[in-house]
Amino acid sequence: MSQKAVTVKDVKIKDSFWSPIQDLVMDFMLPYQADILEDKADIEVKSHAVQNFRIAAGEAEGEFHGMVFQDSDVAKWLEAVAYALTVKSNPDLEKRADEIIALIGRAQEEDGYLNTFFTVKQPEHKWLNLQECHELYCSGHMIEAAVAYYEATGKDELLKIMRRNADLICSRFGPPETGKLRGIPGHQEIELALMRLYYITGEKSYLETAQYFLDERGREPNFFAEEAAKLDWHHFGMKPENREYAQNHLPAKEQTEAVGHSVRAVYMYAAMAALAAETKDEEWLKACRTLWGNIVNKRMYITGGIGSTVAGEAFSIDYDLPNDTVYAETCASVAMVFFARYMLEIEPKGEYADIMEKMLYNGALSGMQQDGRRFFYVNPLEVVPGVSGKLFGHKHVLPKRPEWYGCACCPPNLARLITSLGQYAWAQSDDTVYCHLYVGGLAELNLADINVETNYPWDGKVKIAFTQKNNPSYTFAIRIPGWCKDWTLSLNGQPVKAEVKDGYAYITREWETGDIVELNLPMEPKRMYANTAVRADIGTVALQRGPIVYCLEEVDNGPNLAALHLPRDAKLLPKKTNLKGLGDVVLIEAEGLRIESSSDLYSDTPPQSKPAILRAVPYYSWGNRESGGMRVWIHE
């Protein structure tokens, strides 16, 4: 492994952009989500998730309510709380989490089994429908929560609970020649969780079972078909013959295209990268590189969204990236951050951190309202009033973030990503410190304590100050983002020559306390164009400044955004401002045109153009003011 992971406890974020968002999650969003999970919030959609555990523990009467994977909402919330407690102390939130953990322990069965759906509703069907029923998925998320809570607080109650559950899984599933049962998860997640559990315990059965699940996927005979043939009942009606949906069509090492359900796919790819890093298996690494390249170069939106079709919440084919029927689930963007991080641990290449940054500032962050109360599951690049959310084929594309979902995977997933941001910004090896993201605050690393001051992403100036520890001789590697061509780097006020390799600038020297590295990234707004194979974007242009992708909103530009055109020679003017609902942002304004036609449906009179000032706002911020149209790609 080229790098050693940095934990959230190693980084104290003090950043003008991210600190207010982390505070929002810590002070409001997590308590609010807890109220929802405990059915205390005044919202239309009820969760019942915590009540399911009470019923499973024999402490309440009633029926299981919610999705078959309802337990995972509690798990992701607990993981987010764990990370949040490293941001700042919150005794009330910690007490609430401890009480839920104790309840989970009481709901666990004697042999370690833990799943409220089957304990309460279908105890006779345990482990019989792995394709549809998410037992391994729920265990995976709860294991990740247990690892995070132990690392953050030192408390091991949930870790003990989930080790019992993991031991049950490892004793049950594996190669038949070892006396175990063949099986793979329908929704990948357990693989990544077992890798994390292995990291903190050193228990090899966790590593071996994670590798078994990855190795067995796509093997013949089709496990899901064998499983379905034994059942006289189904949950979702999934067809085992649709093997691409669950990435079960080829052995994982042989897969070359990202197919099927996008979240399942990328959780699996992240686990493959973690396994490649641990085992040094070049075949796993080759597969990860190939799949990464297919996503990033042919199946990803400019915002970082992935999974372009509502049919199966899935990838479709190369360059099929429609803007108004897009899916781009928030959880899929979160998963890409995980994938990028594990790839960076194998090989520090700027292309991975560039995508991680794209997701964080665009495709993932757009999933939450800026007051922390409402959330997007689907992240469109075009919203048309009267069409989006209403017409066939567009009903999933909502023009306004809902309060909650019956399938509420995205809100707590966002919470755990945002509260764990520090671990994505930095990495270290025995002789190198890597700066992946420009986030203000203090990183307390093995080789040095490093303090960052910046107003990124609105300003490209990054000031980095060093406080030395035992060994002053090492290399500092800082990412040079792919979007910036004319960057400068200085050391103690003087230009510095640095070796630039794979998107990182490397400075090797005897460091002294007080040394300051300054990176300057000019942030002129720029036009971005899609490959002409992306048929939806031909003749259009998108705007980007730094890592931020922009969009037009009806509230600023009037109705019928499709009638607006941006001349190729129009100047793009950044404008710092404060807008109600958006806060301090940098807008982009330009002199454009509005195309107007006659009132006839068809006419031999050509449309006329009139001057119009176009105002673009950061994509992540759309939908926080008035409801209306939105558009990323502008006619040029």
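Below you will find a few notes about this structure. (Residues numbered from 1 in each chain as written. Predicted model: local features only at pLDDT ≥ 70, side-chain atom pairs only at ≥ 80, totals over all residues. Heavy atoms only, no water.)

1. A look at the overall build of the protein chain
If you tally the helices and strands in the protein chain, you get 18 helices and 23 strands. Dimensions along the principal axes, computed over C-alpha positions, put the protein chain at roughly 70 × 70 × 50 Å. Looking at the protein chain residue by residue over its 636 residues, the buried ones come to 59%. Of all intrachain contacts in the protein chain linking residues separated by at least 6 positions in sequence, the fraction that spans at least 24 positions is 71%. Roughly 24,500 Å² of accessible area belongs to the protein chain as shown, and the carbon and sulfur atoms make up 49% of that amount. (Helix = DSSP H or I, 4+ residues; strand = E, 2+ residues; numbered from the N terminus. Buried < 20%, exposed > 50% of the residue type's maximum accessible area, 1.4 Å probe, protein only. Contact = heavy atoms within 4.5 Å. Areas by Shrake-Rupley, 256 points an atom, 1.4 Å probe, with all protein chains shown as cover.)

2. Points about the side chain of Asp449
Within the secondary structure, Asp449 is located in strand S7 (residues 448-454). In this structure the side chain of Asp449 is engaged in a polar contact, spanning 3.0 Å, whose partner is the side chain of Lys469. In this view, Asp449 contacts Leu442, Ala443, Glu444, Ala465, Phe466, Thr467 and Lys469; residues no more than four positions away in its chain are not counted. (Polar contact = N/O pair within 3.5 Å; in protein donor to acceptor, adjacent residues only side chain to side chain.)

3. Comments concerning helix H16 (residues 410-419)
Here H16 lies mainly inside the structure; 10 of its 10 residues are buried. Of the positions making up H16, those classed as buried are Cys410, Pro411, Pro412, Asn413, Leu414, Ala415, Arg416, Leu417, Ile418 and Thr419.

4. A closer look at the nonpolar core
In terms of nonpolar packing, the biggest core is built from 233 residues, with Leu78, Trp426 and Phe476 touching the most fellow members. Ranked by the residues each element gives to this core, the list is headed by helix H12 (residues 262-279), at 14 residues. Excluding its chain neighbours within four sequence positions, the residues that come into contact with Phe476 are Trp426, Val433, Cys435, Ile450, Ile464, Phe466, Ala505, Tyr506, Ile507, Trp511 and Val517. (Core = buried A, V, L, I, M, F, W, Y, C linked by side-chain atoms within 4.5 Å.)

5. Looking at H12
Its 18 residues place the ends of H12 25 Å apart at the C-alpha level, agreeing with the 26 Å of an ideal helix rising 1.5 Å per residue. A large share of H12 lies buried, amounting to 16 of its 18 residues. Just past H12, the residue Lys280 takes up positive phi, approximately 60°. (Expected span 1.5 Å × (residues − 1).)

6. Quick notes on the pairing of strand S9 (residues 473-479)
With respect to burial, S9 is a largely interior element, 6 of its 7 residues being buried. Where strand S5 (residues 432-435) and S9 come together, 4 bridges link them in parallel fashion. Opposite Tyr434, over in S9, you have Ala477 as the bridge partner. Across 7 bridges, the pairing between S9 and strand S13 (residues 504-510) is antiparallel. Looking at the pairing, Phe476 lines up with Ile507 of S13. (Pairing = 2+ DSSP bridges.)

7. Some points on unusual backbone geometry
Look at the link from Glu220 to Pro221: it is a cis peptide, with omega at -5°. Relative to the elements of secondary structure, Pro221 occurs in the loop between helix H10 (204-216) and helix H11 (223-229). Tyr456 connects to Pro457 through a cis peptide bond whose omega is 10°. For Pro457, the location among the structural elements is in the loop between S7 and strand S8 (461-468). A positive phi angle, close to 60°, is found at Lys280, a residue other than glycine. Structurally, Lys280 is set in the loop between H12 and helix H13 (282-298).

8. Digging into the pattern of salt bridges
As enumerated under the stated definition, the model contains 40 salt bridges in all. When the shortest N-O distance is used, the salt bridge between Arg182 and Glu226 registers 3.1 Å. Placement of Arg182 in the loop between helix H8 (157-172) and helix H9 (190-201) and of Glu226 in helix H11 is noted, with a sequence separation of 44 residues between them. For the salt bridge of Asp318 with Lys298, the shortest nitrogen-to-oxygen distance reads 3.9 Å. In this pair, Asp318 sits in the loop between H13 and helix H14 (330-346) while Lys298 sits in helix H13, placing the two residues 20 residues apart along the sequence. The exposure class of Asp318 is partly exposed, given its relative accessible area of 24%. Classification of Lys298 by relative accessible area gives partly exposed; the value is 33%. Connected through shared salt-bridge partners, Glu553, Asp556, Lys575, Glu589, Arg615 and Arg625 make up one network. (Salt bridge = Lys/Arg side-chain N within 4 Å of Asp/Glu carboxyl O.)

Everything listed here is a matter of coordinates, which is why it stays silent on function.
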